[in-house]
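Fold and contact review
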Amino acid sequence: MSPVNQELVEAFSAKAAAVNAVVQEAPSMSAALQYVLDVCESKTPAELLADEPDAEQGPLGPNKVPTRVRRIVAAPDLDDADFAALAEACAQKGVLCIRNGLRKHLAGIDVGLSRAELGVAGSGTCLMNTDNEDARLAGMISEIHVILLRKSDIYPDLPSIAQRLRERMNQAPATYTTLITGPSRTADIERVAAVGVHGPLELHIILLED
């Protein structure tokens with residue numbers, strides 16, 4: 001385990017905040033999990049598109065109306081002990097906590113929780129191991145994406161992680177690696193920047209002590 005470089009931590013935090021990520025520090029995993037639950041509770045529940053019960057059958061099928069469901073946290077990257085702790089805390093608040101089968105909740109995940117392999121201070125970027133489909137979906141279809149990143153895993157810039165990337169690229173079978181810098185954004189529509197069109201509306205990065 002590498003020692004923590006406080007200058008890199010501060011540089012990462014500044015760059016991540018500059019691209020509209022929310023950066024928080026947590027002294028322990030339990031504190032980080034509590035933060036995830038607090039974020040979930042503070043937001044409006046995600047809306048699912050459901051068939052209207054009395055809708056008339058039209059040429060394109062029944063009408064679809066938004067319906068509110070209880071809040072959902074998806075945490076496919078957590079180990080058994082941490083997931084059990086989060087699931088118990090969620091259950092006490094009436095929040096559903098899942099770790100697989102995210103395809104069944106494509107329109108209604110409130111918070112997706114992921115672990116970063118490393119961070120890049122020069123751009124506020126998180127590198128994710130997303131070989132698992134549920135891990136990919138947690139960072140794509142949730143309204144709020146929360147990433148856990150250890151302070152000791154922050155590198156200065158992209159060239160400094162080149163060897164790590166080469167190692168992943170040379171693995172068999174093929175691997176999925178995701179680089180995330182800030183919440184989802186696009187300027188495809190009339191060149192006007194919009195957040196959350198192709199992914200989460202918010203990105204929260206929790207910096208963990210070793």
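Residues numbered from 1 in each chain as written. Predicted model: local features only at pLDDT ≥ 70, side-chain atom pairs only at ≥ 80, totals over all residues. Heavy atoms only, no water.

1. A few points about the sheet that holds strand 1 (residues 22-26)
This is how the line gets drawn: Whether two strands pair comes down to DSSP finding at least two bridges between them. Secondary structure elements are taken from DSSP: a helix is a run of H or I of four residues or more, a strand is a run of E of two residues or more, and numbering for both begins at the N terminus. Between the N-to-C directions of two axes lies an angle of 0 to 180 degrees, each axis being a line fitted to C-alpha atoms and, for a helix, fitted only over the stretch in contact. Any two residues having at least one pair of non-hydrogen atoms within 4.5 Å are treated as being in contact.
An order of 1-14-9-6-4-5 is seen for the six strands of this open sheet, with the pairing classed as parallel. Both outer strands of the open sheet, strand 1 and strand 5 (96-98), are each paired with one neighbouring strand and no more. Direction aside, neighbouring strands of the sheet carry axes that sit 20° apart on average. Note that strand 4 (residues 72-74) and strand 6 (residues 109-115) share two bridges and pair parallel. Following the sheet pairing, alanine 74 is matched in strand 6 by glycine 112. Sheet strands touched by helix 1 (residues 6-18): strand 1, strand 9 (142-150) and strand 14 (202-208). Its angle to strand 14, the strand with the most contacts, is close to 170°. Along the sheet, helix 3 (residues 80-92) makes contact with strand 4, strand 5 and strand 6, crossing strand 5 at roughly 160°.

2. Observations regarding the packing of helix 2 (residues 29-42) against helix 3
Our working definition: Between 65 and 115 degrees an angle is taken as roughly perpendicular, under 35 as roughly parallel, over 145 as roughly antiparallel, and anywhere else as oblique. Crossing chirality is assigned from the near helix's rotation relative to the far helix, an anticlockwise turn below a right angle marking it left-handed and a clockwise turn marking it right-handed.
At a closest axis distance of 10 Å, the pairing of helix 2 and helix 3 adopts a crossing angle of 40°. Of the possible angle classes, the one that applies to helix 2 and helix 3 is oblique. Where helix 2 crosses over helix 3, the handedness of that crossing is right-handed. Only Asp82, Ala85, Leu86, Ala89 and Cys90 of helix 3 make contact with helix 2, whose side of the interface consists of Met29, Leu33 and Leu37.

3. Considerations on the sheet that holds strand 11 (residues 177-180)
Spatially, the four strands line up as an open sheet ordered 10-7-8-11, and their pairing is mixed. Looking at which strands have only one partner, the edges of the open sheet turn out to be strand 10 (154-155) and strand 11. Strand direction decides the pairing type here: strand 7 (residues 118-120) and strand 8 (residues 125-129), joined by three bridges, are antiparallel. Note that in strand 8 the partner of valine 120 across the bridge is threonine 125.

4. Thoughts on the layout of surface pockets
Selection criterion: With a 1 Å grid spanning the protein atoms alone, the term cavity applies to any set of points in which a 1.4 Å probe fits but cannot get out, the term pocket to an open set with protein on both sides within 12 Å along at least five of seven lines, and the term lining residue to any residue with an atom within 4 Å of a point. Grid points are joined across faces, edges and corners, and a volume is the space filled by probe spheres set on the points. Residue polarity is assigned by list, with Asp, Glu, Lys and Arg as charged and Ala, Val, Leu, Ile, Met, Phe, Trp, Tyr, Cys and Pro as nonpolar; anything else, Gly included, falls into the polar class.
Size it by volume and the largest pocket reaches roughly 210 Å³. Listing elements by their share of the lining of the largest pocket, those giving two or more residues are helix 4 (133-138) and strand 11. Tallying contributions element by element places strand 11 first for the lining of the largest pocket, with three residues. For the lining of the largest pocket, the residue count by class is eight nonpolar, seven polar and one charged.

5. Examining the nonpolar core
Buried together is how nonpolar side chains tend to be arranged in soluble globular proteins. Put simply, the rule is: Note on terminology: a nonpolar core comprises buried Ala, Val, Leu, Ile, Met, Phe, Trp, Tyr and Cys residues joined through side-chain atoms within 4.5 Å. To sort residues, take the accessible area from a 1.4 Å probe on protein chains only and compare it with the maximum for the residue type: under 20% means buried, over 50% means exposed, and anything in between is partly exposed.
Val73, Leu78, Leu86, Val111, Leu113, Leu148 and Ile206 are the most contacted members of the largest nonpolar core, which has 24 residues in total. Mapped by element, the contributors of at least two residues to this core are helix 2, helix 3, strand 6, strand 9 and strand 14. The residues touching isoleucine 206, leaving out its near neighbours within four places in the chain, are Gln24, Ala26, Ala32, Tyr35, Val36, Val146, Ile147, Leu148 and Leu149.

6. Points about the side chain of threonine 130
Within the secondary structure, threonine 130 sits in the loop between strand 8 and helix 4. With residues up to four places along the chain from it excluded, the contact list for threonine 130 reads Ala135, Arg136, Tyr176, Thr177 and Thr178.

7. Brief notes about the confidence of the model for the chain
How we decide: For every residue, the predictor assigns a confidence score, pLDDT, that lies between 0 and 100.
For the chain, per-residue confidence averages 85 on the pLDDT scale, and residues scoring 70 or more make up 81% of the total. Note on residues 49-60: pLDDT is under 50 here. Beyond four places in sequence and across chains, it has 17 contacts.

8. Quick notes on the pattern of salt bridges
Where we set the bar: When a carboxyl oxygen of Asp or Glu is within 4 Å of a side-chain nitrogen of Lys or Arg, the pair counts as a salt bridge.
What the rule picks out here adds up to 10 salt bridges. For glutamate 143, the salt bridge is made with lysine 43, and the minimal N-O distance between the two is 2.8 Å. Here glutamate 143, found in strand 9, pairs with lysine 43, found in the loop between helix 2 and strand 2 (47-51); they are 100 residues apart in sequence, far enough to count as distant. Residue class for glutamate 143 comes out partly exposed when judged on its relative accessible area of 27%. Across the pair glutamate 209 and lysine 151 runs a salt bridge whose closest N-O atoms are separated by 2.6 Å. Placement of glutamate 209 in the segment after strand 14 and of lysine 151 in the loop between strand 9 and strand 10 is noted, with a sequence separation of 58 residues between them. Here glutamate 209 falls in the partly exposed class, since its relative accessible area comes to 34%.

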